[in-house]
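What follows is each chain in one-letter form.
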Amino acid sequence: MRDKVVIITGASSGIGKALAYELAHQGAKVVLAARNIEELLHIEQDLRQQGAEVLSVRTDVTKELACKELIEQAYARFGRIDALINNAGISMRALLEDLEPAVLRKVMDVNFWGTVYCSKYALPYLLESKGSLVGVISIAGFIGLPGRTGYAASKFAVRGFLNTVRIENMKKGLHVMVAAPGFTASNIRKTALNANGRQQGESPRNENKMMTAEKCAAIIVKGIRKRKREIIMTFVEGKLAVFLSKWLPGLVDRLSYSLMAKEPDSPFK
């Protein structure tokens, strides 16, 4: 990854922040994008002290113009773009019958449309460099998770979008990868929206035994280097669950229901 120019959305925390450090340590020039510019600048200062080249851009991925400006600033600064990692995301936790439709719209705006906008404007530069277009989705992009209709829908949509972009550009040298972490220790559950669109606060799950954001980032970067098309992380909750969903979908539905119903304050039982 040395001297490769990589844009990371959602870079102020969690997997995005871990990706910034992993890529910088491998010699990449990183462009950090998020709404929280103060945190981005803190990360930038730390990485610069370690010898990395970094550009921070305040970006709300729900705004098409902001995504366009992000890509343009990255290209203006470094003269090329080798990879775009669409990592910005938000979750939700509520039953559909209790959910305000605006919550679904907000989740789709961040997770799906943010990916669409950034990918659209980065595509010409990625084609020029024969670079990598990456989407960080979730196992929820393969298997419906009860209580998370909007989140699962957005991740299914991103997977379908990127798979199609891959086919459209299969003769142009573009690498497209979909990375699906399992349950990862990050702040996405703390910022997940409830039925009324407010952040739920403390995570309902025990994160001590989950994959770390740093390990997840290392796997994603390795996948970019090897130009993989799809990465499904973790075995039981990831690879095995996705495999079984193709052959025993009813069983996976029951297991998903049982797993999510065991969460503290689960919206269903």
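Report on the accompanying structure.

Cut-offs and rules
Residues numbered from 1 in each chain as written. Predicted model: local features only at pLDDT ≥ 70, side-chain atom pairs only at ≥ 80, totals over all residues. Heavy atoms only, no water. Patch = residues over 30% accessible without salt bridge, like charges linked within 9 Å, V, L, I, M, F, W, Y side chains within 5 Å. Areas by Shrake-Rupley, 256 points an atom, 1.4 Å probe, with all protein chains shown as cover. Salt bridge = Lys/Arg side-chain N within 4 Å of Asp/Glu carboxyl O. Lys, Arg positive; Asp, Glu negative; His and termini not counted. Charge placed at Lys NZ, Arg CZ, Asp CG, Glu CD. Helix = DSSP H or I, 4+ residues; strand = E, 2+ residues; numbered from the N terminus. Buried < 20%, exposed > 50% of the residue type's maximum accessible area, 1.4 Å probe, protein only. Contact = heavy atoms within 4.5 Å. Polar contact = N/O pair within 3.5 Å; in protein donor to acceptor, adjacent residues only side chain to side chain. Axes fitted to C-alpha atoms, helices over the stretch in contact; angles between N-to-C directions. Parallel < 35°, antiparallel > 145°, perpendicular 65-115°, else oblique. Left-handed = near helix turned anticlockwise from the far one by under 90°. Nonpolar A, V, L, I, M, F, W, Y, C, P; charged D, E, K, R; others polar. Core = buried A, V, L, I, M, F, W, Y, C linked by side-chain atoms within 4.5 Å. Pairing = 2+ DSSP bridges.

1. Observations concerning a positive patch on the surface
1) Next: A surface patch of like charges, here positive, comprises K222, R225, K226, K228 and K239.
2) Next: Residue position: R225 is located in helix 6 (residues 213-225).
3) Next: Among the residues examined, R225 registers a relative accessible area of 44% and is labelled partly exposed.

2. Details of the environment of R227
1) Next: You can see R227 is positioned in the loop between helix 6 and strand 9 (230-232).
2) Next: R227 sits 168 residues away from T59 along the chain, and the two C-alpha atoms are 27 Å apart.
3) Next: Among residues more than four places away in sequence, those in contact with R227 are K130, G131, S132, G173, L174 and H175.
4) Next: For R227, the side chain forms a polar contact with the main-chain oxygen of G173, separated by 2.9 Å.

3. Details of the packing of helix 4 (residues 101-129) against helix 5 (residues 149-168)
1) Next: As a packed pair, helix 4 and helix 5 sit with axes 8 Å apart at the nearest point and diverge in direction by 15°. In terms of orientation, helix 4 lies roughly parallel with respect to helix 5. Viewed along their axes, helix 4 and helix 5 form a crossing whose handedness is right-handed. From helix 4, L104, V107, M108, N111, F112, T115, V116 and S119 reach across to helix 5, where they touch T149, G150, Y151, A153, S154, K155, A157, V158, F161 and L162.
2) Next: Of the residues belonging to the contact of helix 4 with helix 5, the class tally is 11 nonpolar, 6 polar and 1 charged.

4. Observations concerning the pattern of salt bridges
Two side chains of opposite charge can pair, provided their charged atoms sit close to one another.
1) Next: According to the stated counting rule, one finds 5 salt bridges in the structure shown.
2) Next: Measuring nitrogen to oxygen at the nearest pair gives 2.6 Å for the salt bridge that ties E72 to K68. Taken together, the residues E72 and K68, both in helix 3 (residues 64-78) and 4 residues apart, mark about one turn of the helix.
3) Next: Overall, E72 belongs to the partly exposed group, its relative accessible area being 36%.
4) Next: When the shortest N-O distance is used, the salt bridge between R80 and D82 registers 2.5 Å.

5. Some details on the nonpolar core
1) Next: Grouped together as the largest cluster of nonpolar side chains are 50 residues, with contacts concentrated most on I7, V31 and L70.
2) Next: Counting residues per element, this core draws most heavily on helix 4, at 9 residues.
3) Next: Judged by nonpolar contacts, the second largest core, of 36 residues, contains I15, A179, I220 and I224.

6. Side note on the side chain of D82
1) Next: The residue D82 is located in the loop between helix 3 and strand 4 (83-86) in this model.
2) Next: In this structure D82 touches D3, K4, V5, L126, S129, G131 and S132, once residues within four positions along its chain are discounted.

7. Focus: unusual backbone geometry
1) Next: We note that D3 has phi near 70°; this positive angle belongs to a residue other than glycine.
2) Next: Structurally, D3 is set in the segment before strand 1 (5-9).
3) Next: The residue K130 is not glycine, and still its phi comes out positive at about 50°.
4) Next: Topologically, K130 is positioned in the loop between helix 4 and strand 5 (132-136).

8. With respect to the sheet that holds strand 6 (residues 175-180)
1) Next: In space, the 7 strands of this open sheet follow the order 3-2-1-4-5-6-9, with parallel pairing throughout. In the strand order of this sheet, the two ends are held by strand 3 (54-58) and strand 9, each with one partner. Between one strand axis and the next, the sheet turns through 15° on average, direction left out of account.
2) Next: With 5 bridges joining them, strand 1 and strand 2 (residues 29-34) adopt parallel strand pairing. Across the sheet, V5 pairs through a bridge with K29, a residue of strand 2.
3) Next: Packing against the sheet, helix 6 makes contact with strand 4, strand 5, strand 6 and strand 9, and its axis sits at approximately 160° to strand 6.

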